[in-house]
Amino acid sequence: MIIFAMPGQGTCGPVPLDFMCENLPVFACYVAEAEEYFYNKKISVKKLLKKGKPENTKEEHISSFVFSVGLANEFISRGVIPDCIVGHSLGEISALCTAEAINYTNSLKFVYERASLMDNIEYSGAMAAVREDEEKLREIIAPYAEHVSIAALNGPKTSVISGRTAEVRKVEKILDLSSIRHKRLKVPFAAHSPAADTILSFIENAAPDITGELAYKVFSTVTGGKLESSELQKNFWRRHCRGTVLFAEALASARSYSKCAEDDITAVEFGVHRVLASGGLALFPKSKWYGACTMPSWEDGRSQEYCFAKGIENTLSSLKSHTSK
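Below or above, wherever it landed, is the structure these notes cover. Quick caveat: nothing in here was measured; it's all calculated off a predicted structure. Per chain, residue numbering runs from 1 following the sequence as it is written. pLDDT decides what is reported in this predicted model: residues at 70 or higher carry local features, side-chain atom pairs at 80 or more are listed and counted, and totals for whole chains, interfaces and linings draw on all residues regardless. Values reported for side chains reflect all heavy atoms of the structure, with hydrogen atoms and water molecules removed beforehand.

So, the overall build of the protein chain
Stage number 1. For the protein chain, the helix and strand inventory stands at 13 helices and eight strands.
Stage number 2. For 325 residues, the compact-globule formula gives about 20 Å, and the C-alpha radius of gyration of the protein chain, at 19 Å, lands near that figure.
Stage number 3. Expressed along its principal axes, the backbone C-alpha trace of the protein chain runs to roughly 50 × 50 × 45 Å.
Stage number 4. Note on exposure labels: buried denotes an accessible area under 20% of the residue type's maximum, exposed denotes more than 50%, and partly exposed covers the range between, all computed with a 1.4 Å probe on protein chains only. In the protein chain, which comprises 325 residues, the share counted as buried stands at 54%.
Stage number 5. The contact criterion used throughout is that any non-hydrogen atoms of two residues lie within 4.5 Å. Long-range pairs, those at least 24 residues apart, make up 75% of the contacts in the protein chain with a sequence separation of at least 6.
Stage number 6. The accessible surface values rely on the Shrake-Rupley method and a 1.4 Å probe; as for residues, cover is taken only from the protein chains in view. When the accessible surface of the protein chain is split by element, carbon and sulfur atoms take 48% of a total near 14,200 Å².
Stage number 7. Treating the 38 positive side-chain charges of the protein chain as one cloud and the 39 negative ones as another, the clouds have centres 3 Å apart. Working definition: helices are DSSP H or I runs of at least four residues, strands are E runs of at least two. Numbering for both runs from the N terminus. Radius of gyration: C-alpha atoms only; globule rule: 2.2 Å multiplied by the number of residues to the exponent 0.38. Note on charges: Lys and Arg go in the positive column, Asp and Glu in the negative column, and His and the chain ends are not counted at all. Charge positions are represented by NZ for Lys, CZ for Arg, CG for Asp and CD for Glu.

Here you go:
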């Protein structure tokens, strides 16, 4: 089973864009279309991808979305067909666009409007990855539940908390006293936390039109199960923005649906950096998890172009080998 994993925020990095557009024609088309779409908004997608250091949620989400969808469709054009797609947070929009439930233009519009709403919130927020399971983590954050939420459940003892910075800091102190590992995430917005409550009705109003049935199976991190296009009502997008990201549950549902052995699971993650692999491998230790453009290890002294080219070549070769079995 081949899973396309579409990441959310936290995956940006500098991209050798000229090289990629010259050698990846489908990817280049998606970048060019996004560049044209955002021209009147005075946003250059090309500059965002080359820079790789977003200054706000808008820049982070646009660059992550365009990169993921463009590269996923490049892989599809080269014969790598996903058995299913799983998207993490923002990545669910990427998944639905790749699965042709939402067209690319409407997706760009929604990503832009959704991120703009987030950037306009006056809220000091933070997110942290925590090596603890859901039950124990809920006990720890309970005294701060008004301001802190579990943002994501990515795998066994692979979770994320999100909320107001002061309260997140208090939770981190408790984690330290309990010797529970945690790491503050470098993100522009405290996603899936009370920070989003004031914009949920606006996000519902901005919800994109659904263009048709899903071309590929999507296992939703909103519902945790196989998604049908009929579920994509306005309320879905409220839950998508505010609810816990059920990444581990969605992966488990995909495996259960396919009835495949654990060592027959191959996932490819469409971000500049791999951020979902740790959760996926914790859930399925015998699975294979590739980054679409990353080598197993970067080679010192090599150019960006070399590393991306080698990474994409290695991943495509591995996936095609899997498909031919």
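Here's the deal with the pattern of salt bridges
Stage number 1. Within this document, salt bridges are pairs made up of a side-chain nitrogen of Lys or Arg and a carboxyl oxygen of Asp or Glu, the two lying within 4 Å of each other. Taken as a whole, this structure holds 12 salt bridges when the rule is applied.
Stage number 2. A salt bridge links K51 to E55; the shortest N-O distance between them is 3.7 Å.
Stage number 3. For K51, a relative accessible area of 33% gives the class partly exposed.
Stage number 4. Classification of E55 as exposed rests on a relative accessible area of 65%.
Stage number 5. Each of K51, E55 and E59 takes part in salt bridges that share partners, so that together they form one network.

Here's the deal with the packing of aromatic side chains
Stage number 1. Pairing of aromatic side chains requires ring centres within 6.5 Å, counting the rings of Phe and Tyr and the six-membered ring of Trp. Pairs whose planes differ by under 30 degrees are stacked, by over 60 edge-to-face, and all others tilted. A full pass over the atoms with the stated rule returns 11 aromatic pairs.
Stage number 2. Measuring from ring centre to ring centre gives 4.8 Å for Y30 and Y104, while their planes differ by 80°; the resulting arrangement is edge-to-face. With Y30 in helix 2 (residues 25-37) and Y104 in helix 6 (residues 104-119), this residue pair connects regions lying 74 residues apart in the sequence.
Stage number 3. Judged by centre distance (6.4 Å) and plane angle (70°), the ring pair of F247 and W289 falls under edge-to-face. With F247 in helix 11 (residues 247-258) and W289 in strand 8 (residues 288-291), this residue pair connects regions lying 42 residues apart in the sequence.
Stage number 4. Assessed through its relative accessible area of 0%, F247 is described here as buried.
Stage number 5. An aromatic cluster of three or more residues is present, and its members are F4, F75 and F270.
Stage number 6. Should the NZ of a Lys or the CZ of an Arg lie within 6 Å of a ring centre and within 35 degrees of the ring normal, that charge is described as sitting over the ring. Across the ring face of Y112, the terminal group of K41 is positioned such that the distance to the ring centre comes to 4.6 Å.
Stage number 7. Its guanidinium or amino end placed over the ring of Y306, R302 lies 4.3 Å from that ring's centre, counting from NZ or CZ.

Quick look at the nonpolar core
Stage number 1. Grouping buried Ala, Val, Leu, Ile, Met, Phe, Trp, Tyr and Cys residues that are joined through side-chain atoms within 4.5 Å yields what is termed a nonpolar core. Core analysis: the largest hydrophobic core is formed by 91 residues, its most contacted members being F4, F67, L71, F75 and W237.
Stage number 2. Take this core: its biggest share by element is nine residues, from helix 4 (residues 57-77).
Stage number 3. In this structure F75 touches F4, V80, V268, F270, A292, I312, T315, L316 and L319, once residues within four positions along its chain are discounted.
Stage number 4. Of all hydrophobic cores here, the second largest spans 15 residues; its members include A126, I141, L175 and I180.

Observations regarding the sheet that holds strand 5 (residues 158-164)
Stage number 1. Only when DSSP finds a minimum of two bridges between them are two strands counted as paired. Pairing within the open sheet is antiparallel, and its four strands lie in the order 4-5-3-6. The sheet is open, and its two borders are formed by strand 4 (148-155) and strand 6 (182-184), each paired with just one other strand. Going from strand to strand, the sheet's axes swing by 20° on average, the running direction of each strand aside.
Stage number 2. Pairing between strand 3 (residues 125-130) and strand 6: three bridges, direction antiparallel. Bridge pairing in strand 6 places A129 opposite K183.
Stage number 3. Sheet strands touched by helix 7 (residues 134-141): strand 3, strand 4 and strand 5. Its angle to strand 4, the strand with the most contacts, is close to 165°. Working convention: axes come from line fits to C-alpha atoms, limited for helices to the stretch in contact. Angles between N-to-C directions cover 0 to 180 degrees.

Some remarks on the side chain of S94
Stage number 1. With respect to the helices, strands and loops of the structure, S94 is situated in helix 5 (residues 90-98).
Stage number 2. Judged by its relative accessible area of 1%, S94 falls in the buried class.

Details of the packing of helix 5 against helix 6
How two helices sit against one another is set out by the angle between their axes and by the gap between those axes.
Stage number 1. Closest axis-to-axis distance for the helix 5/helix 6 pair is 10 Å, and the angle between their directions is 170°. One finds that helix 5 runs roughly antiparallel with respect to helix 6. On helix 6, the residues touching L90, I93 and C97 of helix 5 are Y104, S107, F110, V111 and R114.
Stage number 2. Looking at the contact of helix 5 with helix 6, its residues break down into six nonpolar, one polar and one charged. By definition in this entry, angles of less than 35 degrees are roughly parallel, angles greater than 145 are roughly antiparallel, angles of 65 to 115 are roughly perpendicular, and the rest are oblique. Under this grouping Gly is polar, as are all residues other than the nonpolar Ala, Val, Leu, Ile, Met, Phe, Trp, Tyr, Cys and Pro and the charged Asp, Glu, Lys and Arg.

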